[in-house]
Amino acid sequence: MITARRGIPALVLGAVLAATACGGAGAPAPTASSAPAAAPTGDPGLARRLAEQVTGDGAFVHLQELQRIADAHGGNRASGSPGYDASVEYVAGALRAAGFTVETPSFPFDTFAADAQTLAVGGAPGPAVTALTYSPTTPPGGVSAPLVAAPDGPADPSPGCDATDYANLPVRGAIVLVRRGTCTFTQKQQVAADAGAAAVLVGNNVPGPLGGTLGSVAEGRLPTGGLLQPDFDALLPRAGTPATLVLATRSATITTRNVIAQTTTGRPDEVVMSGAHLDSVPQGPGINDNGSGSAAQLELALRLGSAPPVTNAVRFAWWGAEESGLIGSTTYVRGLTPEARRDIAVLLNSDMLASPNPAYLVYDGDDSDRVGAPPGPRGSDGIERTLRAALEATGVPPQGTDFDGRSDYGAFIEAGIPAGGLFTGAEEIKTPEDAARWGGQAGAPFDRCYHQACDTVANIDRPALDRMLDALAVGVGTYAVDLGGPNGVPSREQRQTR
């Protein structure tokens, strides 16, 4: 891997240094392993003060730099690319200038590219198809087979997730049509493979493009592509028609990095963790997804400083290879010892905080919405209440959003760590009720440029960025001072069995 090391532009460096007035000097390695020199004392006014100090304008300066990096490196900041390496050096350099000691641990991951993606139905060109990440390649000339549709309809929220879905269907050797649902794309294609299918086409269940991953090269068993909702709907009545699917794909294993920094103050066995993925998709610069979360978190870290008046240490992470299957965060959590996992009291996730047609969403820690995933680990309900109250204080009414497995909280929840976070929406469509609640355009996506080349600084809603940053500051500041209270999370003594 070639690492492109870049200096911080004078304008940005000035903003960085100004932003660190409340910070401290020198920091130990962020793998906290020893107690602070003095008993930690938190400032009860920290959350309020942080919310006053952080600014969307400050975060936007970092977004402009991420845009400049993408422009200089082929239009993207995808993990493993020079644009991503420059993004890592920019974030790490800003943190070091603020007195943080920064680690950039590396890890391997599988890259993926699709050179050809076509579908023909009944001998004529079919709809556009997009290879899911880590889809195996089709043979030369593609897979030619009849289309077979898995059961589809509102009565089945999990089509193609169980072997019984294919009972009495001529699946062997076929190209299976299956609707997106509650289980992962990985599971869908594995179930289809076990049933003898030759390939899978997954139809979106909402308007907009369908992008996703099969998890890893090792988990990909069948060529698998995604279809737009209307294209998929139009194919269902053509079940039995011969089709030819070409997905010419290739993969390689390379190395990329996370960025980790922790305050010198606060209990290292009661860590408040804030995470955001730093990488973009290869198709664009990723300024909303997820430059917005990365920039907001960097603004917060610089305003907090490396030695703030906290009771509990604060650890910031910028994850790599999220767009390749949540790999950076998953590698990090699974690489921790049981003791180090118990040290983490809470995880706050920031992924897309400035969508141009924004929603104001907080992860549903208590599953009160009764949608999708069950509640998060004990304490996730309190995180939801804290972030909801923080957003309400900015003047917007928040709504819940499911822990649907599409962002970096997943590995933390799996490890039993209380989690929550903020989200302004992706390819989902804003309803009239949403527009009445938040303004914006009903019938349009929350982010019309999701995973596209147009996800630039022009794609950012700056009021949303400012509000979400305020809420993040309140969340981090609250738990950095006190893990208890009505919205508290379990203490380390209560986490001994994790």
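Reading the values: the criteria
- Residues numbered from 1 in each chain as written.
- Predicted model: local features only at pLDDT ≥ 70, side-chain atom pairs only at ≥ 80, totals over all residues.
- Heavy atoms only, no water.
- Helix = DSSP H or I, 4+ residues; strand = E, 2+ residues; numbered from the N terminus.
- Buried < 20%, exposed > 50% of the residue type's maximum accessible area, 1.4 Å probe, protein only.
- Contact = heavy atoms within 4.5 Å.
- Core = buried A, V, L, I, M, F, W, Y, C linked by side-chain atoms within 4.5 Å.
- Pairing = 2+ DSSP bridges.
- Phe/Tyr/Trp six-rings, centres within 6.5 Å; stacked < 30°, edge-to-face > 60°.

Colleague: So what's going on with the environment of G203? Residues and values would help.
Modeller: Position of G203 among the secondary structure elements: in strand β7 (residues 199-203). Assessed through its relative accessible area of 0%, G203 is described here as buried. In this view, G203 contacts V178, R179, R180, L210, L227 and F232; residues no more than four positions away in its chain are not counted.

Colleague: Now, about the nonpolar core: what can you tell me, with residues and values included?
Modeller: Within the largest apolar cluster, 88 residues are counted, with the highest numbers of intra-cluster contacts made by L95, L300, W318, F412 and L422. The leading source of residues in this core is helix α13 (residues 462-481), at 11 residues. Apart from residues lying up to four places away in sequence, L95 is in contact with F100, V102, V259, A261, L298, A301, L302 and W318. Counting 23 residues, the second largest nonpolar core, distinct from the first, contains L132, Y134, V178 and V191.

Colleague: Requested: an account of the pairing of strand β2 (residues 106-121), with residues and values cited.
Modeller: Note that β2 and strand β9 (residues 242-257) share 15 bridges and pair antiparallel. By the bridge assignment, V121 is partnered in β9 with A243. Bridge count for β2 against strand β3 (residues 124-125) is 2 bridges, and the pairing is antiparallel. Bridging from a neighbouring strand, V121 pairs with A124 of β3. Taking the residues between adjacent antiparallel strands as the criterion, β2 and β3 are bridged by 2 residues, where G122 takes a positive phi near 60°.

Colleague: Which residues make up the packing of aromatic side chains, and what are the values?
Modeller: As enumerated under the stated definition, the model contains 10 aromatic pairs in all. On the basis of an interplanar angle of 75° and a centroid distance of 6.2 Å, the ring pair of F112 and Y134 is categorised as edge-to-face. In this pair, F112 is assigned in strand β2 and Y134 in the loop between β4 (130-131) and β5 (143-149), connecting sequence segments 22 residues apart. Here the aromatic residues Y363, F403, Y409 and F423 are joined through ring pairs into a cluster of three or more.

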